[in-house]
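# Remarks on the overall topology
Okay, here's what each chain looks like letter by letter:
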Amino acid sequence: MEERYQPEEVEPKWQAYWKEKKLFKVSEDTSKEKYYLLEMFPYPSGKIHIGHVRNYTIGDVVVRYKRMKGFNVLHPMGWDAFGMPAENAAIDNNTHPAAWTYDNISAMRAQLKRMGFSYDWDREIATCRPEYYKWEQWLFLKMLEKGMAYRKESYVNWCEKCQTVLANEQVEQDRCWRCSRTVQQKKLWQWFFKITDYAEDLLVHCDQLPGWPDKVTVMQKNWIGRSVGSQLTFKIHDRDENIEVFTTRPDTVFGATFMCLAPEHPLVETLCLGTSREEEVNAFVQKVSSQERSAAGIEKYDKEGVFTGAFCINPATLEKIPIYTANFVLMEYGTGAIMSVPAGDQRDFDFARKYNLDIRVVVQPENETLDPETMTQAYTGPGTMVNSGEFNGLDNTIAIDVMTDWLEKQGLGKKTISYRLRDWGISRQRYWGAPIPVIHCPDCGVVPVPEADLPIQLPEDANLLEKGGSPLPTLDFFARTTCPACGRKDARRDTDTMDTFVESSWYYLRYCSPRYDRGMFDPEAVKYWAPVDQYIGGVEHAVLHLLYSRYFMRVLNTLGMIDFKEPFSRLLTQGMVCKETTTCPEHGYLFPEETRKIESGKLVCVKCNNDVEVGRVIKMSKSKKNVVDPNELLEKYGADVTRLFSLFAAPPERDLEWNEDGVEGSNRFVNRVWRLVLDWLDKIETGNSKSDDNLEPYTGAASNLKSDPAKALYIKANQTIQKVTDDIDKSFHFNTAISAVMELVNDLYAVDTKTHDSELQAVVLFCLENILLLLAPIIPHFCEELFQRLGKKGSVLECPWPEYRTDSLKTDEVLVVVQVNGKLRSKFTIEADKNEAVIREIALSDEKIKKYIENKPLKKVIIIRKKQTLVNIVV
RNA sequence: GCCGAAGUGGUGGAAUUGGUAGACACGCUAGACUUAGGAUCUAGUACCGCGAGGUGUGGAGGUUCAAGUCCUCUCUUCGGUACCA
């Protein structure tokens with residue numbers, strides 16, 4: 001008998017067995033309840049890291065558990081294979097993005113297989129394959145036809161390093177989400193998806209996603225950013241034109257003493273055209289356009305503006321007020337124009353003070369009197385209307401509606417809802433992506449590629465440009481084409497590719513019928529499997545992938561292709577796996593171990609001896625150079641111990657600072673179970689496989705591990721089954737599930753293996769079998785092996801999940817905890833059926849308790865008999 | 001600034017509805033078995049105190065027979081977001 005668990009022999013053996021028996025291959029089966037579990041598919045960056053291991057282990061445990069519970073479980077895996085790192089790597093290593101990507105996929109697939117994850121590999125997809133993106137192009141054309149996709153020229157986020165446009169969701173704190181470079185605004189013609197059409201629907205349904213963490217729905221709600229207000233019309237003085245403003249405070253309209261336009265506002269140029277102000281205004285607009293509109297930039301630049309020379313009419317006071325253009329007004333939000341109420345808005349107040357503009361108080365707070373001359377800041381709170389004509393005296397919160405109605409009657413206002421969410425810009429000036437299937441014809445304009453011509457294949461014989469830009473516009477054989485509408489020979493293809501988030505917005509539907517060639521997916525397969533019952537991934541996609549996916553399902557729903565709107569019924573956002581990283585100003589992110597050198601008490605970079613920033617604990621990421629490769633763990637301990645350890649470290653939603661100190665403990669536990677089972681296997685008179693039947697007499701029996709180990713163990717086993725089932729099913733708290741099994745194992749170690757008590761042997765066997773069943777989802781190879789050695793036929797994964805007996809969860813003896821004035825003073829055990837009077841009597845006559853209550857009047861005795869039995873004596 | 005989450009031993013973390021704080025591990029200490037062990041087993045391990053006992057869940061109050069858990073205020077850390085009118 002081997003002393004230790006040998007993963008290098010056992011794990012490949014069972015992986016081969018699962019493969020041979022096709023245990024993870026699934027198909028639609030209406031006789032069974034379906035369960036679709038999905039982890040966010042990886043980008044094939046080269047190697048899996050510990051974060052992937054944690055993510056996929058969580059999913060795999062649930063999948064294996066659900067299978068044992070009798071569900072027909074879909075658990076696919078694939079590759080989010082388009083994207084920039086492939087291009088960068090190709091330039092660096094003088095290879096092709098496709099070659100690099102497919103090599104990485106092979107390497108990562110092998111690693112995932114080695115982890116023993118239960119994927120149906122027959123459903124594997126890679127988004128860079130034409131069979132996949134053909135349908136994405138098809139959908140693009142459908143959306144174009146329905147007006148859901150459109151092209152416009154606008155200011156967009158441009159990353160100079162990545163040489164491409166980015167969606168708003170892909171800009172983090174004004175930096176590129178990939179390379180962290182500060183983005184610029186650039187005016188370009190771009191394709192957009194009209195996600196704003198669904199702003200309200202996406203928002204409303206945030207509250208109807210009970211299976212999602214609040215954190216994520218709150219982030220989505222904030223991102224969508226609905227604000228209710230009014231759109232008011234200000235007539236321009238001496239012109240037959242109007243300016244529309246959006247405000248959430250129509251009650252303050254009497255206080256609007258000037259107007260501010262965004263520098264990009266079309267009226268800015270025309271208002272001052274040919275006037276003496278023209279030069280100054282243009283200079284200002286020029287200046288602002290070169291300012292960074294970043295958080296840092298905003299700190300740097302004061303609020304400033306220039307007078308356009310024009311005036312407009314305040315619709316409430318009918319006064320002429322000056323029109324300014326100011327750097328703090330955003331063209332993209334609302335209408336790009338604001339009515340400035342300095343008394344009620346801090347920015348307007350600062351601006352008014354700076355340029356000596358009128359301040360008029362229109363909302364007076366209850367306990368003070370604001371004076372425009374002396375006030376030092378704007379007042380934004382509630383109050384009573386003043387200086388507002390017929391509305392004086394009204395509560396301002398009431399005035400909001402009243403005044404909106406009043407303006408509306410004059411045709412000068414209407415209630416509006418503004419959203420922060422903007423349309424999704426999907427054009428990317430990159431090579432490694434799905435080509436946008438349209439043709440630009442000098443005569444016909446934008447012409448969609450005919451469906452029969454799909455897919456528009458990305459040409460593989462392309463050399464990437466040194467500076468990182470896309471080679472597609474330079475490839476004549478690709479870019480030059482014939483207009484499908486008029487036949488003109490010098491039409492050009494659109495040489496932009498789609499944002500890679502487009503691929504990931506619908507891949508989970510493709511898994512339902514991955515080889516289907518008559519559409520994006522087989523409607524029948526999707527009807528059976530979708531939506532995803534449980535989705536697992538990082539919270540970093542809260543307003544990226546998770547929002548885009550919800551949008552895409554609404555598009556498909558509108559197109560009549562699916563009958564649901566929400567892609568993921570339940571969502572688990574697993575915590576990030578973090579690791580310290582050190583930053584050297586010269587050498588960038590450095591892996592801590594290599595860089596740590598302490599010289600005269602200071603941390604210095606090994607390469608340059610410069611002081612380095614003390615390590616920050618941040619998410620593992622290849623670009624931050626703080627990833628831990630799981631291969632070392634796999635080599636030393638095998639897949640099962642690695643799986644066990646990653647689950648035992650913390651509950652899944654919690655962030656985790658990676659630390660391998662505990663892995664020995666997991667290894668120890670696995671080997672403890674190994675020895676336990678094999679030791680007993682030698683001793684127990686086998687043939688006793690119907691152990692369950694022999695255990696009937698134990699139900700509800702009194703028990704104590706020392707006096708009656710058989711009964712005590714039987715109850716403990718039932719409690720363990722209940723605990724593990726609840727932990728996996730209800731909360732995904734695998735760490736406590738594992739600790740429950742550890743407790744049972746510890747109890748079993750207290751039983752003398754030399755016993756000849758056949759009842760006890762039967763209970764031990766019952767415990768051992770159940771331990772293997774309970775651990776099977778977590779450490780599957782290990783459990784298969786021991787299950788087989790116990791003489792069982794077939795796979796442990798095909799066994800039903802153990803059930804516990806509700807009548808065998810409680811012992812007949814209970815522990816009574818005695819408190820005096822709320823402080824624990826004594827404990828004793830008693831038969832569970834004793835009544836309260838008896839318990840009270842024993843508690844009060846307890847020697848230790850007597851000491852505390854002597855000579856003091858007894859006020860109250862409280863007896864609680866719930867999970868615990870507790871007596872609290874109040875004196 | 002606004003929104004959200006989290007603060008528990010030396011460490012990771014336990015603790016349905018308020019009811020024995022620290023399960024289960026890591027680490028550490030001692031012992032056993034070993035030629036040896038980084039194998040295994042046994043015992044101990046929140047803090048202060050020789051002890052009886054006292055103190056303890058970021059801090060300060062409060063409700064309660066009883067608070068890690070509920071309420072008020074506050075501090076810290078992390079995440080999201082931000083001239084959003």
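### Observations concerning the overall build of chain A
For chain A, the count of helices and strands is 27 helices and 37 strands. For chain A, the spread of C-alpha atoms along the principal axes amounts to about 110 × 85 × 70 Å. Scored against the burial criterion, the 875 residues of chain A give a buried share of 54%. A total accessible area of about 39700 Å² is found for chain A, and carbon and sulfur atoms account for 47% of it. Between the averaged position of the 111 positive side-chain charges in chain A and that of its 127 negative side-chain charges there is a distance of 2 Å.

### Focus: the pattern of salt bridges
Going through the model one piece at a time under the given rule, you end up with 33 salt bridges. As a salt-bridge pair, Glu124 and Arg109 come within 2.8 Å of each other at their nearest N and O atoms. Taken as a pair, Glu124 in the loop between α4 (97–114) and β4 (125–126) and Arg109 in helix α4 lie far apart in primary sequence, 15 residues in all. A salt bridge links Arg239 to Glu241; the shortest N-O distance between them is 3.2 Å. Residue class for Glu241 comes out partly exposed when judged on its relative accessible area of 33%.

### Describing the confidence of the model for chain A
Scored by pLDDT, chain A comes out at a mean of 88, with 93% of its residues at no less than 70. The low-confidence segment residues 688–694, where pLDDT is below 50, has eleven contacts with residues more than four positions distant or belonging to other chains. Of the two predicted TM-score estimates for the complex, the pTM is 0.91 and the ipTM is 0.94.

### Considering the state of the cysteines
What makes a disulfide is a covalent bond joining the sulfur atoms belonging to two cysteines. In total, this model carries zero disulfides according to the counting rule given. The thiol of Cys767 is unpaired, and the distance to the nearest cysteine sulfur, on Cys783, comes to 15 Å. When its relative accessible area of 0% is taken as the criterion, Cys767 is described as buried.

### Quick word on the protein's contact with RNA strand B
The local shell around RNA strand B holds 53 residues, among which Thr248, Tyr333, Ala649, Arg668 and Asn872 are the closest. Near the protein, within 4 Å, the atoms of RNA strand B are sugar or phosphate in 64% of cases. Here the surface near RNA strand B takes six residues from helix α23 (residues 734–749), the largest share from any one element. Across the surface near RNA strand B, the residue classes tally to 23 nonpolar, 13 polar and 17 charged.

### Looking at unusual backbone geometry
Across the junction of Leu454 and Pro455, the peptide omega takes the value -5 degrees, indicating a cis bond. Relative to the elements of secondary structure, Pro455 occurs in the loop between β22 (445–448) and α13 (476–479). Here the residue pair Ala530 and Pro531 is connected by a cis peptide bond, since its omega of -5 degrees sits within 30 degrees of zero. Relative to the elements of secondary structure, Pro531 occurs in the loop between α16 (523–529) and β26 (532–538). A positive phi angle, near 70 degrees, is found at Ser180, a position not held by glycine. Looking at the element boundaries, Ser180 is found in the loop between β8 (175–176) and β9 (184–193). The phi torsion at Asp238 lies on the positive side, around 65 degrees, for a residue other than glycine. Here Asp238 shows up in the loop between β10 (226–236) and β11 (242–247).

### Some points on the nonpolar core
In summary, soluble globular proteins display a tendency toward joint burial of nonpolar side chains. Counting residues in hydrophobic clusters, the biggest one holds 111 residues, and the most contacted among them are Phe140, Phe193, Trp424, Tyr507, Leu509 and Tyr551. Ranked by residue count, the leading element in this core is helix α5 (residues 130–145), at nine residues. Val628, Phe669, Leu744 and Leu797 belong to the second-largest nonpolar core, a separate cluster that totals 81 residues.

### With respect to the sheet that holds strand β21 (residues 438–441)
Strand pairs in the sheet, formed through backbone hydrogen bonds, run parallel or antiparallel to each other. The four strands are arranged β22-β21-β24-β23 in an open sheet whose pairing can be described as antiparallel. A strand with exactly one partner marks an edge of an open sheet, and here the two such strands are β22 and β23 (480–481). Across two bridges, the pairing between β21 and strand β24 (residues 491–493) is antiparallel. Each residue of the ladder has a partner; that of Ile439, found in β24, is Arg493.

### Considerations on the sheet that holds strand β27 (residues 568–574)
Spatial strand order, β2-β1-β26-β27: four strands in an open sheet with parallel pairing. Two strands lie at the open edges of the sheet, namely β2 (72–74) and β27, each paired on one side alone. Strand-to-strand twist in this sheet, taken as the mean axis angle between neighbours without regard to direction, amounts to 20 degrees. Where strand β1 (residues 34–39) and β26 come together, three bridges link them in parallel fashion. Note that in β26 the partner of Leu38 across the bridge is Tyr535. Contacting β1, β2, β26 and β27, helix α2 (residues 50–68) crosses the sheet at an angle of about 175 degrees to β1.

### Some thoughts on the side chain of Glu566
Here Glu566 shows up in the loop between α17 (545–558) and β27. A distance of 2.9 Å separates a polar atom in the side chain of Glu566 from a polar atom in the side chain of Arg550. A polar contact is formed between the side chain of Glu566 and the side chain of Arg554, at a distance of 2.5 Å. Apart from residues lying up to four places away in sequence, Glu566 is in contact with His205, Leu209, Pro531, Arg550 and Arg554.

### Observations concerning the side chain of Asp533
When you line up the elements, Asp533 lands in strand β26. Polar side-chain contacts of Asp533 include one of 2.7 Å to the side chain of Lys34. Polar side-chain contacts of Asp533 include one of 2.7 Å to the backbone nitrogen of Tyr36. Ignoring sequence-local partners within four residues, the contact set of Asp533 consists of Lys34, Tyr35, Tyr36, Ser569 and Arg570.

### Focus: empty space enclosed by the protein
Per the stated rule, a full pass over the model turns up one cavity of 30 Å³ or more. Here the largest cavity is characterised by a volume of approximately 60 Å³. Around the largest cavity sit Arg249, Thr252, Val341, Ala343, Gly344, Val361, Val362, Val363, Leu370, Met375, Tyr379 and Gly381, which together line it. Along the lines of polarity and charge, the residues of the lining of the largest cavity split into eight nonpolar, three polar and one charged.

### Considerations on helix α25 (residues 780–789)
Residues lying three or four places apart along an α-helix face the same way, a consequence of the helix completing one turn every 3.6 residues. The buried fraction of α25 amounts to eight of the ten residues, a majority that puts the element mostly inside the structure. Within the span of α25, buried status applies to Pro780, His781, Phe782, Cys783, Glu784, Glu785, Leu786 and Phe787. On its buried face, α25 is in contact with α1 (7–20), α2, α19 (631–648), α20 (663–683) and α24 (758–775). Gly791 sits one or two residues past α25 and shows a positive phi near 90 degrees.

### Examining α4
With 18 residues, α4 should reach 26 Å at 1.5 Å per residue; the first-to-last C-alpha distance of 26 Å fits that figure. Elements that come into contact with the buried residues of α4 comprise α2, β3 (78–79), α3 (84–93), β4 and α19. Once α4 ends, the next one or two residues include Gly116, with phi positive near 75 degrees.

### Some thoughts on the packing of aromatic side chains
Throughout the structure, instances matching the rule amount to 48 aromatic pairs. Residues Phe258 and Phe351 carry aromatic rings whose centres are separated by 5.6 Å and whose planes lie at 25 degrees to one another, so their mutual orientation is stacked. In this pair, Phe258 sits in strand β12 (residues 258–261) while Phe351 sits in helix α11 (residues 346–355), placing the two residues 93 residues apart along the sequence. An identical accessibility class is assigned to Phe258 and Phe351; each is buried. Among the aromatic side chains, those forming a connected cluster through ring pairs are Phe140, Trp177, Trp191, Phe193, Tyr198, Trp424, Phe501, Tyr548, Tyr551 and Phe552. When the ring centre of Trp18 is taken as reference, the NZ or CZ atom of Arg64 above it lies at 4.5 Å.

Conventions we followed
- Residues numbered from 1 in each chain as written.
- Chains lettered and ligands numbered in written order.
- Predicted model: local features only at pLDDT ≥ 70, side-chain atom pairs only at ≥ 80, totals over all residues.
- Heavy atoms only, no water.
- Helix = DSSP H or I, 4+ residues; strand = E, 2+ residues; numbered from the N terminus.
- Buried < 20%, exposed > 50% of the residue type's maximum accessible area, 1.4 Å probe, protein only.
- Areas by Shrake-Rupley, 256 points an atom, 1.4 Å probe, with all protein chains shown as cover.
- Lys, Arg positive; Asp, Glu negative; His and termini not counted.
- Charge placed at Lys NZ, Arg CZ, Asp CG, Glu CD.
- Salt bridge = Lys/Arg side-chain N within 4 Å of Asp/Glu carboxyl O.
- pLDDT = per-residue confidence, 0-100.
- Contact = heavy atoms within 4.5 Å.
- Disulfide = S-S within 2.5 Å.
- Near = heavy atom within 4 Å.
- Nonpolar A, V, L, I, M, F, W, Y, C, P; charged D, E, K, R; others polar.
- Core = buried A, V, L, I, M, F, W, Y, C linked by side-chain atoms within 4.5 Å.
- Pairing = 2+ DSSP bridges.
- Axes fitted to C-alpha atoms, helices over the stretch in contact; angles between N-to-C directions.
- Polar contact = N/O pair within 3.5 Å; in protein donor to acceptor, adjacent residues only side chain to side chain.
- 1 Å grid on protein atoms, 1.4 Å probe; cavity = no way out; pocket = protein on both sides within 12 Å on 5 of 7 lines; lining within 4 Å.
- Points joined across faces, edges and corners; volume = space filled by probe spheres on them.
- Expected span 1.5 Å × (residues − 1).
- Phe/Tyr/Trp six-rings, centres within 6.5 Å; stacked < 30°, edge-to-face > 60°.
- Lys NZ or Arg CZ within 6 Å of the ring centre and 35° of its normal.

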